[in-house]
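# Inside the fold
This is what each chain is made of:
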Amino acid sequence: MRLKISLLKEPKHQELVSCVGWTTAEELYSCSDDHQIVKWNLLTSETTQIVKLPDDIYPIDFHWFPKSLGVKKQTQAESFVLTSSDGKFHLISKLGRVEKSVEAHCGAVLAGRWNYEGTALVTVGEDGQIKIWSKTGMLRSTLAQQGTPVYSVAWGPDSEKVLYTAGKQLIIKPLQPNAKVLQWKAHDGIILKVDWNSVNDLILSAGEDCKYKVWDSYGRPLYNSQPHEHPITSVAWAPDGELFAVGSFHTLRLCDKTGVRNVLNDAVDLLEFRDRVIKASLNYAHLVVSTSLQCYVFSTKNWNTPIIFDLKEGTVSLILQAERHFLLVDGSSIYLYSYEGRFISSPKFPGMRTDILNAQTVSLSNDTIAIRDKADEKIIFLFEASTGKPLGDGKFLSHKNEILEIALDQKGLTNDRKIAFIDKNRDLCITSVKRFGKEEQIIKLGTMVHTLAWNDTCNILCGLQDTRFIVWYYPNTVYVDRDILPKTLYERDASEFSKNPHIVSFVGNQVTIRRADGSLVHISISPYPAILHEYVSSSKWEDAVRLCRFVKEQTMWACLAAMAVANRDMTTAEIAYAAIGEIDKVQYINSIKNLPSKESKMAHILLFSGNIQEAEIVLLQAGLVYQAIQININLYNWERALELAVKYKTHVDTVLAYRQKFLETFGKQETNKRYLHYAEGLQIDWEKIKAKIEMEITKEREQSSSSQSSKSMGLKP
């Protein structure tokens with residue numbers, strides 16, 4: 001990617017331009033020592049003088065009020081703050097009217113920044129003070145006092161912390177009194193400029209030592225540039241956190257690249273657009289390109305006739321693609337389109353802020369859209385892709401910790417859709433989209449996971465876990481048989497990727513990882529698990545077994561075992577468990593196959609997977625009350641066993657007998673008041689209990705055989 005720089009033949013400013021600010025992708029405001037504020041339009045190349053400031057006002061810094069969906073804030077969103085050398089800051093409307101001028105500092109006000117909610121303004125000056133103001137310009141507090149001028153300031157992503165310069169030091173100070181302050185030496189010369197991105201939580205700094213640096217929010221260095229010829233006087237992140245610009249004397253730098261090339265025959269297509277390209281995404285055999293006015297959708301089979309439609313707002317900050325459709329995010333809304341250019345839906349929720357959405361906090365599949373809430377980072381909102389309405393009964397997914405990154409799996413039915421996410425503790429968790437709301441259904445897959453990605457063609461998950469690269473060939477194993485999850489993993493050393501690598505994509509059997517230095521590294525994994533997924537999704541169980549016998553790998557057999565149990569194919573499950581030496585589970589599966597009714601078999605398959613409550617529901621709905629009671633007795637869930645026996649008025653003596661036997665085995669006395677109450681005056685007769693149990697089993701067999709004979713005769717059971 002290149003910076004496009006245009007120089008007008010006739011300069012519109014007569015003096016040095018001190019600060020600029022973008023309103024849209026095509027409109028720019030600039031301030032100069034000639035006291036003028038000028039609007040530039042990149043489409044028409046027109047310039048307009050907005051206002052001529054008084055001769056004693058020399059602009060220093062400029063910042064637009066943040067965009068918001070709130071109706072009340074729309075008027076103020078069309079305004080900006082301008083700091084000047086006379087110790088004041090000025091609130092100015094888009095039309096050039098000076099709404100308010102505030103005496104702020106002794107000496108020049110060197111920087112002013114709105115927080116991300118537009119609820120507060122921070123200013124810094126030559127007097128070394130850092131001050132917090134309300135959005136109307138009322139002083140709230142003096143956050144800090146330095147002995148030297150503070151040249152630059154930035155808000156933290158949560159608007160709860162402020163980053164500012166102090167000579168060669170950088171300081172992060174929370175707004176809360178007595179909170180811990182983070183301070184570190186960042187440069188060998190005075191620091192002139194800082195920026196803190198709300199999307200990636202990374203800090204940029206530039207100084208008189210002629211270097212620019214990248215830091216994480218804990219002050220740890222991530223990148224250190226080579227010395228330039230002149231001091232670095234300006235740095236700024238792109239809103240999406242993918243790029244940043246660096247300015248110096250006669251120098252402007254931008255790092256990253258985007259291109260289109262057919263690697264099969266090395267053919268190159270040159271795609272030209274009428275307007276500037278803002279964003280581009282290539283996936284699922286389609287290239288989606290956003291310019292400042294339109295969206296182009298190319299098929300990789302035909303580059304000559306793209307689908308073109310107009311955009312409501314030309315500041316597209318994110319493009320996400322799924323197999324059937326793609327998603328655009330601009331400054332005000334989220335839009336879902338088909339690859340034919342048809343508008344599908346526009347999901348919304350209260351307080352949604354599209355300006356900070358990115359590929360880590362939004363995920364898209366064929367049927368679901370997931371968005372992490374910025375106001376409460378423990379919450380993920382889930383929407384139906386086809387309608388944009390909240391999924392299910394409008395509930396949201398809630399986690400105990402803040403969520404950093406989310407990802408929906410891409411294949412399979414909506415009812416089986418899974419979402420994986422990384423929380424603040426770097427734990428990787430997975431849960432079902434259709435079963436959210438129950439905390440126990442959020443299951444931890446791994447710890448110290450820094451980045452993740454789902455495969456584009458099957459539900460295989462990969463991630464970087466500490467210094468290891470991990471592939472979960474069948475993550476659903478955690479819901480089926482958590483004991484064999486380690487046997488379904490592939491892992492290798494990832495130290496070659498250096499610090500802070502990021503998974504860019506997982507396409508086919510190739511994973512692309514971007515290292516901290518920007519270079520791309522490709523890892524190939526075995527193609528066989530994807531083939532196994534394909535066989536299982538088509539119910540080709542014999543082919544799946546043959547594949548595992550051919551490959552002869554434990555991971556394949558373990559995946560097949562879990563897949564077979566999940567799909568209730570216990571014959572295949574028995575073969576697969578035998579292949580990985582899980583003999584106790586083979587025996588249990590054999591016992592399931594010998595059960596008299598399909599309800600009993602279903603219940604014990606659910607038990608096998610640890611779904612006790614669901615197993616009990618299946619049995620009770622089938623009228624197999626004794627079976628439901630016996631399950632709880634076997635699991636020593638004595639309270640529930642007695643509760644069921646009393647509720648259905650059967651087998652109370654059975655429960656009391658097994659309880660008594662259990663206590664005698666361990667040499668203990670009964671202390672449970674409910675058991676003591678029902679045991680009063682009751683004589684335990686094991687012969688009678690065994691006869692009753694045998695009668696229940698016989699009754700179940702008869703019901704099962706009657707049901708099967710009715711089906712064979714074409715009758716309803």
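Everything numeric here is computed off the predicted structure, so don't read it as measured data.

### Structural notes on the overall build of the chain
Helices and strands together make up the secondary structure of the chain, namely 14 helices and 46 strands. For the chain, buried positions account for 50% of its 717 residues. If you take every contact in the chain between residues at least 6 apart in sequence, the share linking residues at least 24 apart comes to 41%. Accessible surface, the chain: about 35900 Å² in total, of which carbon and sulfur atoms supply 51%. Charged side chains in the chain number 84 positive and 84 negative. The centres of these two groups are separated by 3 Å.

### Section: helix α8 (residues 598–608)
Listing the buried residues of α8 in full gives Ser 600, Ala 603, His 604, Ile 605, Leu 606, Leu 607 and Phe 608. Gly 610 lies just past α8 and shows a positive phi near 85°.

### Quick notes on the pattern of salt bridges
Under the definition given, this model contains 27 salt bridges. Its salt-bridge partner being Arg 113, residue Asp 61 comes within 2.8 Å of it at the nearest N-O pair. With Asp 61 in strand β5 (residues 59–64) and Arg 113 in strand β9 (residues 109–114), the pair connects residues that are 52 residues apart, well separated along the chain. By the burial criterion, Asp 61 is buried, and Arg 113 matches it. The closest approach of N and O atoms between Asp 409 and Arg 417, which form a salt bridge, is 2.8 Å. Of the two residues, Asp 409 and Arg 417, neither departs from the other in class, the shared state being buried.

### Some points on the sheet that holds strand β45 (residues 510–514)
Taken together, the three strands give an open sheet; going across it, the order is β44-β45-β46, and neighbouring strands pair in antiparallel fashion. Two strands in the sheet have a free side with no partner beyond their single neighbour: β44 (502–507) and β46 (520–524). Taken pair by pair, the neighbouring strands of this sheet meet at an average axis angle of 20°, ignoring direction. In terms of strand pairing, β44 meets β45 through five bridges, oriented antiparallel. Counted as the bridge partner of Ile 503 is Ile 513 from β45.

### Brief notes about the pairing of strand β30 (residues 334–338)
Of all the five residues making up β30, five are buried; the element is thus mostly covered by neighbouring parts of the structure. Along β30, one buried face is formed by Ile 334, Leu 336 and Ser 338 and the opposite face, lined by Tyr 335 and Tyr 337, is buried too. Pairing analysis gives five bridges linking strand β29 (residues 325–329) to β30, with the strands arranged antiparallel. The partner of Val 329 across the bridge, within β30, is Ile 334. Hairpin geometry of β29 and β30 is characterised by an intervening segment of four residues between the two adjacent antiparallel strands. Bridging between β30 and strand β31 (residues 343–345) involves two bridges; their strand directions are antiparallel.

### Section: the pairing of strand β11 (residues 129–134)
Taking burial as the measure, the six residues of β11 include six buried ones, the bulk of the element. Covered by surrounding structure in β11 are Gln 129, Lys 131 and Trp 133 together with Ile 130, Ile 132 and Ser 134, the residues of both alternating faces. In the sheet, strand β10 (residues 120–125) pairs with β11 via five bridges, with the strands oriented antiparallel. Note on β11: the bridge partner recorded for Ala 120 is Ser 134. As paired strands, β11 and strand β12 (residues 139–145) are joined by five bridges and run antiparallel to one another. Within β12, the residue paired with Trp 133 across the bridge is Leu 139.

### Focus: the packing of helix α11 (residues 638–647) against helix α12 (residues 652–665)
Two elements in contact, α11 and α12, have axes separated by 8 Å at closest approach and are oriented at 160°. With respect to their mutual orientation, α11 and α12 come out roughly antiparallel. The handedness of the crossing between α11 and α12 is left-handed. Facing α11, whose interface residues are Trp 638, Ala 641, Leu 642, Ala 645 and Val 646, α12 presents Val 652, Val 655, Tyr 658, Arg 659 and Phe 662. Looking at side-chain class alone, the contact of α11 with α12 contains nine nonpolar, no polar and one charged residues.

### Quick notes on the confidence of the model for the chain
Residue-level pLDDT values for the chain average 85, and 91% of them are 70 or greater. Low pLDDT (under 50) marks residues 69–75, which in the prediction has eight contacts with non-local residues, meaning those over four places away or in another chain. Scored below 50 in pLDDT, residues 710–717 makes five contacts in the model with residues more than four places away or belonging to other chains.

### What to know about the sheet that holds strand β6 (residues 79–84)
Spatial ordering of the open sheet is given by β5-β6-β7-β8, a layout of four strands whose pairing is antiparallel. The outermost strands of the open sheet, each flanked by one partner alone, are β5 and β8 (98–103). The mean inter-strand angle of the sheet, taken between neighbouring strand axes irrespective of direction, is 20°. Looking at chain direction, β5 and β6 are connected through five bridges and run antiparallel. Note on β6: the bridge partner recorded for His 63 is Val 81.

### Things to note about helix α10 (residues 625–634)
Taken across its ten residues, α10 has nine buried, putting it largely inside the fold. When α10 is considered as a whole, its buried residues turn out to be Val 625, Tyr 626, Gln 627, Ala 628, Ile 629, Gln 630, Ile 631, Asn 632 and Ile 633. Once α10 ends, the next one or two residues include Tyr 636, with phi positive near 60°.

### A look at the packing of aromatic side chains
Using the criterion set out here, one finds 29 aromatic pairs in the structure. On the basis of an interplanar angle of 20° and a centroid distance of 6.3 Å, the ring pair of Phe 349 and Phe 383 is categorised as stacked. Highlighted residues: Phe 349 in the loop between β31 and β32 (362–364) and Phe 383 in strand β34 (residues 379–384), separated in sequence by 34 residues. Residues Tyr 528 and Phe 550 carry aromatic rings whose centres are separated by 6.3 Å and whose planes lie at 75° to one another, so their mutual orientation is edge-to-face. Here Tyr 528 is found in helix α3 (residues 528–537), whereas its partner Phe 550 is found in helix α4 (residues 541–551), with 22 residues between them in sequence.

### Re the packing of helix α9 (residues 612–621) against α10
Remark: α9 packs on α10, axes separated minimally by 7 Å, with the N-to-C direction vectors making an angle of 160°. Taken together, the axes of α9 and α10 are roughly antiparallel relative to one another. Residues Ala 615, Glu 616, Leu 619 and Leu 620 of α9 touch α10, and the partners they reach there are Val 625, Gln 627, Ala 628, Ile 631 and Asn 632. When the residues that make up the contact of α9 with α10 are grouped by side-chain class, the tally is six nonpolar, two polar and one charged.

### Observations regarding the nonpolar core
Counting 49 residues, the largest nonpolar core has Phe 469, Leu 532, Leu 560 and Tyr 577 as its most contacted members. Here this core takes ten residues from helix α5 (residues 554–566), the largest share from any one element. Formed by 21 residues, the second largest nonpolar core is a distinct cluster that contains Leu 624, Ala 628, Val 655 and Tyr 675.

### Topic: the side chain of Asn 197
Its place among the elements puts Asn 197 in the loop between β17 (191–196) and β18 (202–207). A polar contact of 2.8 Å, which involves the side chain of Asn 197, links it to the backbone nitrogen of Val 199. A polar contact is formed between the side chain of Asn 197 and the backbone nitrogen of Asn 200, at a distance of 3.0 Å. The residues contacting Asn 197, other than those within four sequence positions of it, are Tyr 116, Pro 157, Leu 202, Trp 237, Ala 238, Pro 239 and Gly 241.

### Quick word on the state of the cysteines
In a disulfide, the sulfur atoms of two cysteines are held together by a covalent bond. Considering all chains together, one arrives at zero disulfides under this definition. Free of any disulfide, Cys 559 has its nearest neighbouring cysteine sulfur in Cys 548, separated by 8.2 Å.

Cut-offs used in this document
- Residues numbered from 1 in each chain as written.
- Predicted model: local features only at pLDDT ≥ 70, side-chain atom pairs only at ≥ 80, totals over all residues.
- Heavy atoms only, no water.
- Helix = DSSP H or I, 4+ residues; strand = E, 2+ residues; numbered from the N terminus.
- Buried < 20%, exposed > 50% of the residue type's maximum accessible area, 1.4 Å probe, protein only.
- Contact = heavy atoms within 4.5 Å.
- Areas by Shrake-Rupley, 256 points an atom, 1.4 Å probe, with all protein chains shown as cover.
- Lys, Arg positive; Asp, Glu negative; His and termini not counted.
- Charge placed at Lys NZ, Arg CZ, Asp CG, Glu CD.
- Salt bridge = Lys/Arg side-chain N within 4 Å of Asp/Glu carboxyl O.
- Pairing = 2+ DSSP bridges.
- Axes fitted to C-alpha atoms, helices over the stretch in contact; angles between N-to-C directions.
- Parallel < 35°, antiparallel > 145°, perpendicular 65-115°, else oblique.
- Left-handed = near helix turned anticlockwise from the far one by under 90°.
- Nonpolar A, V, L, I, M, F, W, Y, C, P; charged D, E, K, R; others polar.
- pLDDT = per-residue confidence, 0-100.
- Phe/Tyr/Trp six-rings, centres within 6.5 Å; stacked < 30°, edge-to-face > 60°.
- Core = buried A, V, L, I, M, F, W, Y, C linked by side-chain atoms within 4.5 Å.
- Polar contact = N/O pair within 3.5 Å; in protein donor to acceptor, adjacent residues only side chain to side chain.
- Disulfide = S-S within 2.5 Å.

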